[in-house]
Amino acid sequence: MGVTTDFAEVLTTVQRPGDFVTSGTIELLPPSISVDCVGRIALPLLPAQAAALIAVAEQAPYGRGPATLFDTSVRRTWQIGREHVHIGGRHWPRTLETIVTRVAENLGVADPVEAEFYKLLVYDEGSFFVGHRDTEKSPGMFATLVIVLPSESSGGELLVRHKDREVRLPLLVDDPSEAAYAAFYADCVHEVLPVTSGCRLTLVYNLLRHGPGRVPEVPDYASQRDRLVEVLQAWRADHATIAARPPQTTAPPASDDAAEPDFSDAVPEKLVYLLEHAYTQAELGFAALKGADGAAAAVLVPAAREAGCTLNLSLLTIEESGSAEYVGRYDRHRRGHDDHDDADDYEIGEDVERWITLTNWRTVDGSASPLGALPVELEEVSPPKALEELDPDEEHFEEATGNAGASFARTYRRAALVLWPADRIFAVLSQAGLSVTLPYLADLADRWEEAGADRASPLRRDAHDLAGHMIAQWPKSGWHGHYDGSESEAARMVRVLCRLDDAARIEAMLERVVAAGAYGKGDNAAVVEALALLPPRQALQAVQRIVAAMGATVFGACANLLSHLAPTHGAALRDAALLLLAGIPGDPAQRSRDLAWRRDSGVDASLVADLLSALSAIDPELAGRAVAHVLARPKPYDADGILVPAALSLAAAGTGGLAAERLRAACLAHLRVRIGEPLAAPPDWQRQSTLKCPCPRCRELAVFLADPEARTWVLRAAQDHRGHIEATIASDRCDVDTKTETRGRPYSLVCTKNQASYQRRVVQRTKDLADLAALGG
């Protein structure tokens, strides 16, 4: 059996709810309280009446065995016996009943419980009571209830201990319309810390059980707790074993007809135990857990602590959506049918999408949690099939429309106890994704630098640990580089690792993330910075891995990377250069690779410039092979769009060597041929008329273009014919301006010849002369 099964089997034996202590506050309609010789007491308690109560009270004793002793070094409190205190008021019985019902449930007592008033205590400044146990004062007594009435004071916290647990209760209320209460089993050691200011007025009750059988005792789940500790420690050990294994660099091949995954032997990152009762976001908290949920939490809190695990409470949400099919027996427009189709009228299709997340985290001690939304894997749910038995909280069906079929959406919400090994918090955090972990890692680096950048600092160790989990869980599918040349998330990660000077994680990042697909040209500045922090041998190996893996996909990015590294590494990069040159675009034998490579920005001037600049610094012979390849393929490597700008870039940078000179010579020859062509304005109105379309209207246009005398042609025709002529003029770049005249029907398209081709040649001649001069021609 797996950990999720073992874990659930232990918790399901914890059926009786309850803990050794419970507390809370309640809205108070002030009772009528009067004390003999003092009179009616006002609430909140006034200082003058506090003094009057102390004047008629007696020093509270304490018991030691059968003896009753007075010692202000052990107990300094004032008490007034119940025979002198009179409590009434129309609302008080109901208020007391509500308190007793709450504490009985939270203490795990199912039988009727009676609250027997015992005495009134006054704690003035300096009052306290050292640790002690209450004695049984009445038959059936099993616990003590204290109710703190509205009064201004500070200090005086109540400490309650049972075995190895201790609970600290302030029992203070700021609102005068509320009272605080606490109840605990009589055999629990409890202590009242000194009151530091003001005066506290407390009613003490004995809680009695008159049902059959023995008096209730503190629920003792020692065997279950010990078993939980064993299960959780074994789980942690399994994680430690897996962490010690060498990383797997290749994933096993996936099978198209793989069976449903078996999670029985999996080691889940966290455990998600669904609770029985429903809770809203507002009431979610450990103190508000009901029935068996509270019992499970009470056992699990100390077990998790002993086993070194972190325990939280969270809301689990399941969202499902997909296709549906209408299967209703009657026409949906039948009489009485409303606009909302019944779920019974639909069947769920096969293409169902499902998202399971945890949100609204609550810690055991009530402190804030840094966790956001975390995904849930099926192997983490305990018991393993708990999600199969849920009923949806919301369910909606949409009927088919003209553009889409019927669909459905369902939402499930449940509270869950969530655990993970405390030393694997960053593995759990990594499940939230890069949008959470990248800022968190950067914040760790910020705090580490602000604290002095000590390499032995816990902050750096935390960053190293988190980075390892991020690398292991980095998204493996899809394209993660950026088309626009901006930095990817991988580059942002690399930059933070550079700040931390974490060579081990840098090398892993370059090998397992960058070389695995999370790479684009905009990442090269970060990659170069990272390579500089690695030993030379590891740096060269990392470059080869990147080029070998990514050359076919982002050739331009790899060429740019080598251009950055070549000036300092030179011939040491020859193996990487050979790998890159083997995949150079434009080779007919590499057409399939070119298609993959075009996910990059395509063949452009920067690619050629980077390639020749890099190869000339690494091995001039390779640069010569590259420029010969480029010059022999004018179709992908257009002279005006790619070669001339590349030659200008190399000339301005003074790089590229003999290969750049050869490219320069070819570009100069190209420019001189075109500059040598005659350039004059057309002598008449005849224009080029090699039109592709043979339709009658386009034949009329061709005649008009060939006529040296005609400058204007008016086509009076329907809109589709006019639009077709305008499209032909635009696509064939005819020297014609068009304008639609809206007088009469049908409208007229007025076509007027211009000198656009000549003007383009003038602009090109000006640019050619400037480029010729820039290239030294």
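Preceding this section is the structure that the text describes.
Residues numbered from 1 in each chain as written. Predicted model: local features only at pLDDT ≥ 70, side-chain atom pairs only at ≥ 80, totals over all residues. Heavy atoms only, no water.

Caption draft 1: Quick look at the overall build of the chain. Along its length, the chain carries 22 helices and 29 strands. Evaluated residue by residue, the chain yields a buried proportion of 46% over its 777 residues. Put simply, of all contacts in the chain between residues at least 6 apart along the chain, 76% involve residues at least 24 apart. Surface accessibility of the chain: about 38,900 Å² in total, with carbon and sulfur atoms responsible for 51%. (Helix = DSSP H or I, 4+ residues; strand = E, 2+ residues; numbered from the N terminus. Buried < 20%, exposed > 50% of the residue type's maximum accessible area, 1.4 Å probe, protein only. Contact = heavy atoms within 4.5 Å. Areas by Shrake-Rupley, 256 points an atom, 1.4 Å probe, with all protein chains shown as cover.)

Caption draft 2: Examining helix 4 (residues 222-244) more closely. Between its terminal C-alpha atoms helix 4 stretches 33 Å, which fits the 33 Å expected from 23 residues at 1.5 Å a residue. Those residues of helix 4 not exposed but buried are Gln 224, Arg 225, Leu 228, Val 229, Val 231, Leu 232, Trp 235 and His 239. (Expected span 1.5 Å × (residues − 1).)

Caption draft 3: Spotlight on helix 7 (residues 434-450). Between its terminal C-alpha atoms helix 7 stretches 24 Å, which fits the 24 Å expected from 17 residues at 1.5 Å a residue. Among the residues making up helix 7, those that are buried are Leu 434, Thr 437, Leu 438, Leu 441, Leu 444, Ala 445 and Trp 448. Projection of helix 7 onto a plane perpendicular to its axis shows the buried side chains occupying an angular sector of 120°, all on one side. Exposed and facing more than 90 degrees away from the buried side of helix 7 are Ser 435 and Glu 450. Gly 452 occupies a position one or two residues after helix 7 and carries a positive phi of about 115°. (Arc of directions from axis to C-beta.)

Caption draft 4: How the structure looks around the sheet that holds strand 27 (residues 712-716). Pairing within the open sheet is antiparallel, and its three strands lie in the order 27-29-28. Taken across any chain shown, the strands that pair with only one partner, and hence form the sheet edges, are strand 27 and strand 28 (736-741). The average undirected angle you get between the axes of adjacent strands in this sheet is 20°. Bridge count for strand 27 against strand 29 (residues 748-753) is five bridges, and the pairing is antiparallel. Within strand 29, the residue paired with Thr 712 across the bridge is Thr 752. Strands in contact with helix 20 (residues 696-706) are strand 27, strand 28 and strand 29; relative to strand 27, the strand with the most contacts, it is inclined by about 165°. Helix 21 (residues 719-731) rests against strand 27, strand 28 and strand 29 of the sheet, and its axis sits at about 20° to strand 29. (Pairing = 2+ DSSP bridges. Axes fitted to C-alpha atoms, helices over the stretch in contact; angles between N-to-C directions.)

Caption draft 5: Layout of the pairing of strand 14 (residues 158-162). For strand 14, the buried fraction is high: four of the five residues fall into the buried class. Relative to strand 15 (residues 165-169), strand 14 runs antiparallel, the two being bridged by five bridges. When the sheet's bridge partners are listed, His 162 is paired in strand 15 with Arg 165. The hairpin formed by strand 14 and strand 15 contains two residues between the paired strands, and Lys 163 there has a positive phi angle of roughly 55°. Alignment of strand 14 against strand 17 (residues 189-192), held across four bridges, turns out to be antiparallel. When the sheet's bridge partners are listed, Leu 158 is paired in strand 17 with Val 192.

Caption draft 6: Looking closely at the packing of helix 19 (residues 657-675) against helix 22 (residues 756-774). Remark: helix 19 packs on helix 22, axes separated minimally by 10 Å, with the N-to-C direction vectors making an angle of 140°. In this structure, helix 19 crosses over helix 22, and the sense of that crossing is left-handed. Between helix 19 and helix 22, the residues in contact are Leu 668, Leu 671, Arg 672, Arg 674 and Ile 675 and Gln 764, Arg 765, Asp 768, Leu 769, Asp 771 and Leu 772, respectively. (Left-handed = near helix turned anticlockwise from the far one by under 90°.)

Caption draft 7: Just the layout of surface pockets, in detail. A volume near 1,100 Å³ is recorded for the second largest pocket. Lining the second largest pocket are 37 residues, and of these Asp 19, Val 21, Phe 286, Ala 287 and Ala 288 lie nearest its centre. Looking at the lining of the second largest pocket, the elements that each hand over two or more residues are strand 1 (21-27), helix 3 (92-107), strand 15, helix 5 (291-307) and strand 22 (346-363). When residues of the lining of the second largest pocket are assigned to their parent elements, the largest contribution, seven residues, is made by helix 5. (1 Å grid on protein atoms, 1.4 Å probe; cavity = no way out; pocket = protein on both sides within 12 Å on 5 of 7 lines; lining within 4 Å. Points joined across faces, edges and corners; volume = space filled by probe spheres on them.)

Caption draft 8: The arrangement of the nonpolar core in detail. One finds Phe 7, Leu 419, Met 493, Tyr 519 and Leu 663 to be the most contacted residues of the largest nonpolar core, which totals 145 residues. Membership of the second largest hydrophobic core comes to 60 residues, among which are Val 21, Leu 107, Leu 145 and Ala 179. (Core = buried A, V, L, I, M, F, W, Y, C linked by side-chain atoms within 4.5 Å.)

Caption draft 9: Structural view of the pattern of salt bridges. Within this structure, the stated rule accounts for 31 salt bridges. Glu 269 is the salt-bridge partner of Arg 424, the closest N and O atoms lying 2.5 Å from each other. Of this pair, Arg 424 sits in the loop between strand 26 (407-421) and helix 6 (425-430) while Glu 269 sits in the loop between helix 4 and strand 20 (271-274), placing them 155 residues apart in sequence. Here Asp 771 and Lys 767 are joined by a salt bridge, their closest N and O atoms 2.7 Å apart. Highlighted residues: Asp 771 and Lys 767, both in helix 22, separated by four residues, approximately one helical turn. Taking the relative accessible area as the measure of exposure, Asp 771 reaches 8% and is therefore buried. Sharing partners across several salt bridges, the network here consists of Glu 320, Arg 354, Glu 395 and Arg 410. (Salt bridge = Lys/Arg side-chain N within 4 Å of Asp/Glu carboxyl O.)

Caption draft 10: Summary view of the packing of helix 17 (residues 620-631) against helix 19. Relative orientation of the contacting elements helix 17 and helix 19 amounts to 20°, with a least axis distance of 9 Å. Put simply, helix 17 runs roughly parallel to helix 19. Once helix 17 is placed against helix 19, the crossing between them reads as right-handed. In this structure, helix 17 contributes Ala 623, Gly 624, Val 627, Ala 628 and Leu 631 to the contact, and helix 19 contributes Ala 659, Arg 662, Leu 663 and Ala 666. Looking at side-chain class alone, the contact of helix 17 with helix 19 contains seven nonpolar, one polar and one charged residues. (Parallel < 35°, antiparallel > 145°, perpendicular 65-115°, else oblique. Nonpolar A, V, L, I, M, F, W, Y, C, P; charged D, E, K, R; others polar.)

Caption draft 11: Summary view of the sheet that holds strand 7 (residues 75-76). The sheet built from five strands is open, its strands ordered 7-11-17-14-15 with antiparallel pairing. Each having just a single partner strand, strand 7 and strand 15 make up the two edges of the open sheet.

Caption draft 12: Examining the side chain of Asn 524 more closely. Residue placement: Asn 524 occurs in helix 11 (residues 524-531). Of the polar contacts made by the side chain of Asn 524, one reaches the side chain of Tyr 519; its length is 2.5 Å. If near-sequence neighbours (up to four positions away) are discounted, Asn 524 is found in contact with Tyr 519, Ala 557, Asn 560 and Leu 561. (Polar contact = N/O pair within 3.5 Å; in protein donor to acceptor, adjacent residues only side chain to side chain.)

Caption draft 13: Up close: the side chain of Ser 430. Topologically, Ser 430 is positioned in helix 6. With residues up to four places along the chain from it excluded, the contact list for Ser 430 reads Thr 437, Leu 466, His 469, Met 470 and Gln 473.

Caption draft 14: Layout of the packing of aromatic side chains. The tally for this structure, following the rule as stated, stands at seven aromatic pairs. With 6.0 Å between their ring centres and 75° between their planes, Trp 361 and Trp 420 make a pair best called edge-to-face. Of this pair, Trp 361 sits in strand 22 while Trp 420 is found in strand 26, placing the two residues 59 residues apart along the sequence. The class for Trp 361 is buried, based on a relative accessible area of 8%. Above the face of the Phe 704 ring, Lys 753 is positioned so that its terminal group lies 4.4 Å from the ring centre. (Phe/Tyr/Trp six-rings, centres within 6.5 Å; stacked < 30°, edge-to-face > 60°. Lys NZ or Arg CZ within 6 Å of the ring centre and 35° of its normal.)

Caption draft 15: A look at the environment of His 469. Looking at the element boundaries, His 469 is found in helix 8 (residues 458-472). His 469 gets classed as buried once you look at its relative accessible area, which sits at 13%. Residues His 469 and Ile 425, spaced 44 residues apart in sequence, show a C-alpha to C-alpha distance of 9.9 Å.

Caption draft 16: Here's a closer look at unusual backbone geometry. Of note, the bond from Leu 43 into Pro 44 is cis; its omega dihedral lies within 30 degrees of zero at 0°. Assignment of secondary structure puts Pro 44 in the loop between strand 3 (39-40) and helix 2 (47-56). A cis amide bond links Ser 382 to the next residue, Pro 383, at an omega of -10°. Structurally, Pro 383 is set in the loop between strand 24 (381-382) and strand 25 (394-398). Of note in the backbone geometry, Leu 171 takes a positive phi value of approximately 50° without being a glycine. Take Leu 171: it is sitting in the loop between strand 15 and strand 16 (178-185). Judged by relative accessible area, which is 9%, Leu 171 ranks as buried.

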